[in-house]
Amino acid sequence: MLNCELTPSFWRNDAFIHLRKQIDTSFAVHLTPASNSESVNFQALVRQLYNDNLSGLRYAKNKGGTGHGLAAQALFAESLGRVPSGGIGMGLTIHLDMVAPIVDQQGSAHQIEEYLLPALRGDIIFSHAVSEPHAGSDISNIQTTAVKDGDGWRIDGCKSMIALASLADVHFVVARIPGHKPPFNKINFLIPAATTGVKVSSVTPTLGNNDCPIANITFDNVWVADSNRLGTAGMGMIHQMQQFSQERILSSLRANEVARMCLTHAEHLLNNLNPLNNLNNRHNKPNPSTASYVNSLNNLYTLKAELNASKAITYKAMGTWIDNGNYHTLSCSSKLLSSRLVRQASILALTVSKALGENTDAQLVHYFNDARLYSISTGSDEMMLKSIAASEKY
């Protein structure tokens, strides 16, 4: 068995042991079966999680949550890694851990009532409309503009490759205020999908995360009231960058768990199909060469060591966040390590499975197809390296 428990202090109590079982049971009943469906109904999933008291773990009770706090949300994120669909994990993370927290922290009482509470109940679904054709998720270079117009704003621009865009009832949008100097030139909005001038268009599907549909969104002379503004005008980039750091930690928890499951699968195959074991031939299994077997075994134990390191850094980042410390560099480091690790672990598991003549299991294929997306969403590996270098003044 893999010795990668490293249980952090914030989970070492009976309440969290019970909560983990509650989360796993709910996911097994609702999320895992959904990963085998042709299209995922995210509203239904959130409603089911809400009924199980799991959609609002991190949020205060007076804001529709259960008041469990960040440690419980970390447990939720790690458990998402055991669901055989990166798309479901991504979609729920966008809705519950990317947009909802900004509404919680920056929203007015009216916005909490109109958007956050319905979102936690599953009555509405959010998209996170930040990425643009020539900027990616680099907020400093976005070109979508917001110009003051009476008691509202005119929004013009295009957001590209936006997850949940075709399903969302409300788009979270970051725009640039012309004439304002960076970094205080960004502004955030909550824009209902039915607003005049908002158009969603299909794109070529990505290789992985197919359970979470992606589309482009065009905002053509869209007028929204100032009451749709989320937070202070000019502070949009600061608020969004803080949220990115937090989401990267939660993404790392998911990625590490996927890597653990892939390595467990590979270890099981390698232990049962040792080329020195004559039972292989009697069971008509291909007998791998000793050199190939030793190489795979070496890769396995190297990746196991890297998993321990990745989990330790991720738990350190999560603990620092819980303690209100400075977790920015830790979040970038954990995302970089976990994103690379999950790709390597999924490749090893699939390679060993194929080489030894196993029937490839659908969950393993899901993990392999989805793994690359961890290195792209909310910041590429290259962006993480640049951010770490800048923070450490290299």
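The rules behind each value
Residues numbered from 1 in each chain as written. Predicted model: local features only at pLDDT ≥ 70, side-chain atom pairs only at ≥ 80, totals over all residues. Heavy atoms only, no water. Helix = DSSP H or I, 4+ residues; strand = E, 2+ residues; numbered from the N terminus. Rg over C-alpha atoms; globule rule 2.2 N^0.38 Å. Buried < 20%, exposed > 50% of the residue type's maximum accessible area, 1.4 Å probe, protein only. Contact = heavy atoms within 4.5 Å. Phe/Tyr/Trp six-rings, centres within 6.5 Å; stacked < 30°, edge-to-face > 60°. Core = buried A, V, L, I, M, F, W, Y, C linked by side-chain atoms within 4.5 Å. Axes fitted to C-alpha atoms, helices over the stretch in contact; angles between N-to-C directions. Parallel < 35°, antiparallel > 145°, perpendicular 65-115°, else oblique. Left-handed = near helix turned anticlockwise from the far one by under 90°. Nonpolar A, V, L, I, M, F, W, Y, C, P; charged D, E, K, R; others polar. 1 Å grid on protein atoms, 1.4 Å probe; cavity = no way out; pocket = protein on both sides within 12 Å on 5 of 7 lines; lining within 4 Å. Points joined across faces, edges and corners; volume = space filled by probe spheres on them. Pairing = 2+ DSSP bridges. Disulfide = S-S within 2.5 Å. pLDDT = per-residue confidence, 0-100.

**Student:** Which residues make up the overall build of the protein chain, and what values do they have?
**Tutor:** Regarding its fold elements, the protein chain presents 11 helices and seven strands. The C-alpha radius of gyration of the protein chain comes to 22 Å, within 12% of the 21 Å expected for a compact globule of 394 residues. Per-residue burial over the protein chain gives 52% buried out of 394 residues. Sequence separation of 24 or more characterises 77% of the internal contacts of the protein chain that already satisfy a separation of 6 or more.

**Student:** Run through the packing of aromatic side chains, naming residues and quoting values.
**Tutor:** The full count for this structure, using the stated rule, is five aromatic pairs. Both rings, one in F27 and one in F76, keep their centres 5.2 Å apart while their planes meet at 85 degrees; by these two values the pair is edge-to-face. Residue F27 is located in helix α1 (residues 14-34), and its partner F76 is located in helix α3 (residues 70-80); the two are separated by 49 residues in the primary sequence. Both residues of the pair, F27 and F76, belong to the buried class.

**Student:** I'd love a proper account of the nonpolar core, names of residues and values included.
**Tutor:** Core analysis: the largest hydrophobic core is formed by 65 residues, its most contacted members being W11, F76, V103, F126 and L190. Breaking this core down by element, the ones donating at least two residues are α1, α2 (42-51), α3, α4 (86-106), α5 (109-121), β4 (170-176), α6 (236-272) and α8 (290-322). At 10 residues, α4 tops the list of elements feeding residues into this core. Filtering out sequence-adjacent residues up to four positions away, F126 remains in contact with I94, H95, V99, A100, V103, Y115, A119, L164, A168, V170 and L190. Membership of the second largest hydrophobic core comes to 24 residues, among which are A255, L270, L307 and A371.

**Student:** Give a description of the packing of α6 against α8 that names residues and reports values.
**Tutor:** With their axes 9 Å apart at the nearest point, α6 and α8 run at an angle of 155 degrees to one another. Relative to α8, α6 is oriented roughly antiparallel. The two elements α6 and α8 cross, and the hand of that crossing is left-handed. The class makeup of the residues in the contact of α6 with α8 is 17 nonpolar, six polar and four charged.

**Student:** Can you tell me about empty space enclosed by the protein, naming the residues and giving the values?
**Tutor:** Following the criterion strictly, the structure yields one cavity of 30 Å³ or more and no others. Volume-wise, the largest cavity comes out at about 40 Å³. What lines the largest cavity is simply L80, G81, V83, S85, G86, G89, R254, V258, Y367, D370 and Y374. Contributing elements (two or more residues each) for the lining of the largest cavity: α4, α6 and α10 (362-371). Split into classes, the residues belonging to the lining of the largest cavity amount to five nonpolar, four polar and two charged.

**Student:** Kindly report on the layout of surface pockets, identifying the contributing residues and their values.
**Tutor:** In this structure, the largest pocket occupies an estimated 550 Å³ of space. Of the residues in the lining of the largest pocket, the class split is 12 nonpolar, 11 polar and four charged.

**Student:** Tell me about the pairing of strand β5 (residues 186-192), and name the residues and values.
**Tutor:** With six of its seven residues buried, β5 lies for the most part within the structure. Two strands pair when backbone bridges link them, and β4 and β5 are joined in this way by seven bridges, in the antiparallel orientation. Bridging across to β5, V174 finds its partner in N188.

**Student:** Tell me about the state of the cysteines, residues and numbers included.
**Tutor:** Here the structure, examined in full by the defined rule, presents zero disulfides. Cysteine C158 shares no disulfide, and the gap to the nearest cysteine sulfur, in C212, comes to 18 Å.

**Student:** Which residues make up unusual backbone geometry, and what are the values?
**Tutor:** What you tend to see is this: most non-glycine residues have negative phi, and most peptide bonds are trans. The peptide bond linking P182 to P183 adopts the cis configuration, its omega dihedral lying at 5 degrees. A positive phi angle is found at M161, which is not glycine, with a value near 55 degrees. Along the chain, M161 turns up in strand β3 (residues 152-163). Phi is positive for L164, which is not a glycine, with a value near 70 degrees. By the element assignment, L164 lies in the loop between β3 and β4. Taking relative accessible area as the criterion, L164 reaches 0% and is therefore assigned buried.

**Student:** Describe in detail the confidence of the model for the protein chain, supporting the description with residues and values.
**Tutor:** Averaged over all residues, the pLDDT of the protein chain is 90; the fraction at 70 or higher stands at 93%. Across residues 1-5, confidence stays below pLDDT 50; counting only partners more than four residues off in sequence or on other chains, it has 14 contacts.

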